[in-house]
Amino acid sequence: MKVICEGNDTIDVSTIRVIRDGKRIAVGVKYKKGKQKVSYLAQPRTKYSRRNWPKSVEVIVNELEDLSKSPDTSIEQVVKLTAWALGYLQAKLDINSHASVQGLARLCWYWPLGQIPKDEQVKFRAGLSANEIEKIARRGIYKQAIEALMLETYGTVDKFKWWLRDYGRNMPAVFGKRMRLCQDTAAELINSVAEQYGIDLGNLKSSSAFFKSERTIGSGNQSVYLYYYQWDRENAASNGLNVWECKIGKAERSLQARLKEQATDPENFRLGLHIQTDNPKIEKTIHDFLKKRGKHRDESLRTEWFLTNPNEVERIYKRI
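Looking at the pattern of salt bridges
Link 1 in the chain: This structure, assessed with the given rule, holds 10 salt bridges.
Link 2 in the chain: Linking E304 and K247 is a salt bridge whose minimum nitrogen-to-oxygen distance equals 3.4 Å. On the criterion of sequence distance, the pair formed by E304 in the loop between α14 (282–292) and β11 (305–308) and K247 in strand β9 (residues 244–251) is long-range, its members being 57 residues apart.
Link 3 in the chain: In this structure K247 comes out as buried when scored by relative accessible area, which is 10%.
Link 4 in the chain: A cluster of three or more residues bridged by salt bridges with shared partners is formed by R215, E314 and K318.

Some details on the nonpolar core
Link 1 in the chain: One finds L64, W84, Y142, F160 and W163 to be the most contacted residues of the largest nonpolar core, which totals 73 residues.
Link 2 in the chain: When residues in this core are grouped by element, the largest group, 7 residues, is from helix α5 (residues 98–109).
Link 3 in the chain: Setting aside residues up to four positions removed in sequence, W163 forms contacts with W109, M150, Y154, M171, F175 and I190.

Some words on the packing of helix α10 (residues 171–179) against helix α11 (residues 183–196)
Link 1 in the chain: The N-to-C vectors of α10 and α11 enclose an angle of 105 degrees; their axes lie 8 Å apart at closest approach. The orientation of α10 relative to α11 falls into the category roughly perpendicular. Along the contact surface, α10 presents M171, P172, A173, F175 and G176, while α11 presents Q183, A186, A187 and I190.
Link 2 in the chain: Along the lines of polarity and charge, the residues of the contact of α10 with α11 split into 7 nonpolar, 2 polar and no charged.

Re the sheet that holds strand β6 (residues 89–90)
Think of a sheet as strands paired side by side through backbone hydrogen bonds, with each pair either parallel or antiparallel.
Link 1 in the chain: Read from one edge of the open sheet, 3 strands run β2-β1-β6, paired in antiparallel fashion. If you trace the sheet from one side to the other, it starts and ends with β2 (10–12) and β6, each paired once.

Overview of the packing of aromatic side chains
Centre-to-centre distance and the angle between the planes together describe a pair of aromatic rings.
Link 1 in the chain: In total, this model carries 11 aromatic pairs according to the counting rule given.
Link 2 in the chain: For the pair W109 and F175, a centre-to-centre distance of 6.1 Å together with 85 degrees between the ring planes defines the contact as edge-to-face. Of this pair, W109 sits in helix α5 while F175 sits in helix α10, and the two are 66 residues apart along the sequence.
Link 3 in the chain: The buried category is assigned to F175, whose relative accessible area is 0%.
Link 4 in the chain: With centroids separated by 5.3 Å and ring planes inclined at 35 degrees, the aromatic side chains of F160 and Y197 adopt a geometry described as tilted. In this pair, F160 sits in helix α9 (residues 157–167) while Y197 sits in the loop between α11 and β7 (216–218), placing the two residues 37 residues apart along the sequence.
Link 5 in the chain: Given a relative accessible area of 17%, Y197 falls into the buried group.
Link 6 in the chain: One aromatic cluster is present, built from ring pairs that chain together F211, Y225, Y227, Y229, W231, F269 and W305.

A short note on unusual backbone geometry
Phi is mostly negative for residues that are not glycine, and the peptide bonds are mostly trans.
Link 1 in the chain: Phi at R180 takes a positive value of approximately 65 degrees, unusual for a residue other than glycine.
Link 2 in the chain: The exposure class assigned to R180 is partly exposed, which follows from its relative accessible area of 21%.

Points about the packing of α5 against helix α7 (residues 130–137)
Link 1 in the chain: Where α5 meets α7, the closest approach of the two axes is 10 Å, and the angle between their N-to-C directions is 95 degrees. The pairing of α5 with α7 is recorded here as roughly perpendicular in orientation. Between α5 and α7, the contacting residues are S100, V101 and L104 on the first element and I133, I136 and A137 on the second.
Link 2 in the chain: Of the residues that constitute the contact of α5 with α7, the class distribution is 5 nonpolar, 1 polar and no charged.

Quick notes on α10
Link 1 in the chain: For α10, the set of buried residues is M171, P172, F175, G176, R178 and M179. Summarising the axial view, the buried residues of α10 lie within an arc of 165 degrees, below the 170-degree limit, and thus occupy one face.
Link 2 in the chain: Just past α10, the residue R180 takes up positive phi, approximately 65 degrees.

Section: the sheet that holds β11
Link 1 in the chain: One open sheet accounts for 5 strands, arranged β7-β10-β8-β9-β11; its pairing is mixed. One side of each edge strand has no neighbouring strand; the edge strands of this open sheet are β7 and β11. Strand-to-strand twist in this sheet, taken as the mean axis angle between neighbours without regard to direction, amounts to 25 degrees.
Link 2 in the chain: When strand β8 (residues 222–229) meets β9, the two strands line up antiparallel, connected through 5 bridges.

Definitions and limits used
Throughout this document, residue positions are counted from 1 along each chain, in the order its sequence is written. Local features in this predicted model are restricted to residues of pLDDT 70 or higher, and side-chain atom pairs are both shown and tallied only at a pLDDT of 80 or more, whereas totals for entire chains, interfaces and linings draw on every residue. In computing side-chain properties, one takes all heavy atoms of the structure into account and sets aside hydrogens as well as water. Take a side-chain nitrogen of Lys or Arg and a carboxyl oxygen of Asp or Glu: if they are within 4 Å of each other, that pair is a salt bridge. Helix numbering and strand numbering both begin at the N terminus, where a helix is a DSSP run of H or I of at least 4 residues and a strand a DSSP run of E of at least 2. Three labels apply to residues, based on accessible area from a 1.4 Å probe with only protein chains included: buried if under 20% of the type maximum, exposed if over 50%, partly exposed otherwise in between. Definition used in this section: a nonpolar core is a set of buried Ala, Val, Leu, Ile, Met, Phe, Trp, Tyr and Cys residues joined via side-chain atoms within 4.5 Å. Any two residues having at least one pair of non-hydrogen atoms within 4.5 Å are treated as being in contact. With axes taken as lines fitted to C-alpha atoms, and helix axes fitted only over the stretch in contact, angles between N-to-C directions fall between 0 and 180 degrees. Here the angle decides the label: under 35 degrees means roughly parallel, over 145 means roughly antiparallel, 65 to 115 means roughly perpendicular, and every other value means oblique. Under the convention adopted here, Pro, Cys and the residues Ala, Val, Leu, Ile, Met, Phe, Trp and Tyr are nonpolar, Asp, Glu, Lys and Arg are charged, and Gly plus all remaining residues are polar. Here, any two strands with at least 2 DSSP bridges between them count as paired. Classification of ring pairs uses Phe, Tyr and Trp, with its six-membered ring standing for Trp, and accepts pairs whose centres are within 6.5 Å; under 30 degrees between planes counts as stacked, over 60 as edge-to-face, and the remaining range as tilted. Here the arc refers to the directions that run from the helix axis out to each C-beta atom.

Read these as spatial facts, not as claims about activity.
Rendered as C-alpha cells:
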C-alpha cells in the first residue's frame, strides 16, 4: 500500500512519519542511512473541501498514522477510509472482490465535482485496467454501492435537493460519466433516491420545458436571472419568512437553453426574475451585495445560491 504525494509520487505507508499541518499534510520518509525526505500530500481541490479541510486533515492524519503502524490492514477496510476516498492512498484492488466495487464507487463519488476520473487516474490509485473498471461498473452491486453513498452523503431531503441543483438538468449524463454508468442507469438511480425522499422528478431526460419569467426588466441581448424552486418558497412561508434559496446566474446566449440544463424539477422550477442586459457583470455585483448582507449559501457545492427573493434582487439591480 502506498501514500500518494504531490506529483503522483508514492511512499510506502509503513515508512511514513506524519507531520501535522493545518493547511496540508506532510509525510516524512526515513531512509536506511538516516536521511529523511519530506513530501506533501495534495492540498484540498475545491472550495467545498477547503471549508472542511481542518476536519479532513485530522481524520486523514489519524488514518495514515494508524496505517503506518499496521501496514497489513485489509483492503476492505482501506477503501472505507477518508484518505482513500479523497485520493491519498494507492492500493491494488482485486476485480473479483467486494472491495473493488466499494473502492471504485467511492473514488468516483468523491472525485471533484464537475470532473470525470480518467482511466489512467483510476488505474494509478486502484490498479484497475480500463476493461476491469468497465466490468465492475456493470455489476448490480456497484449500482447498489452508489445508491448507498447517495443516501449516506445526502441524509436529508434538503441536502439531496442541493445536490440536484448543483448538477442541473443534464445530471443523468454528467453524473453517469462520473460514476461510469450509462445515462439511463444514472437516471434510474437518481429517481430511485428521489422517490425515497418523496420527490417526484418526472422524466429527467425531458428537455421540452419552456420557462416563463414571473418578471422581466431591463433591455439587452444577454441575461442575468434568478430562479428558485416552489418547495423552498412554500417552506419559507410556512416558517414566516419572506426569503428563500434562489440561484442568481447569467446567460450570454440562450436563456432557455441554459435553464433547461439546470432545472432538475420543471414542475416546481420558477424563473422569478429575468434581467435583460448588455452588461453581464451586474451578476457579480448583485452577488457581492448579497454576500455583504450575509445571504450567501456557502454550504452549497456551487457559489451562486442566496437567501433572498426576486423583489430584493430587483431593488439591488435598480441601485446599480
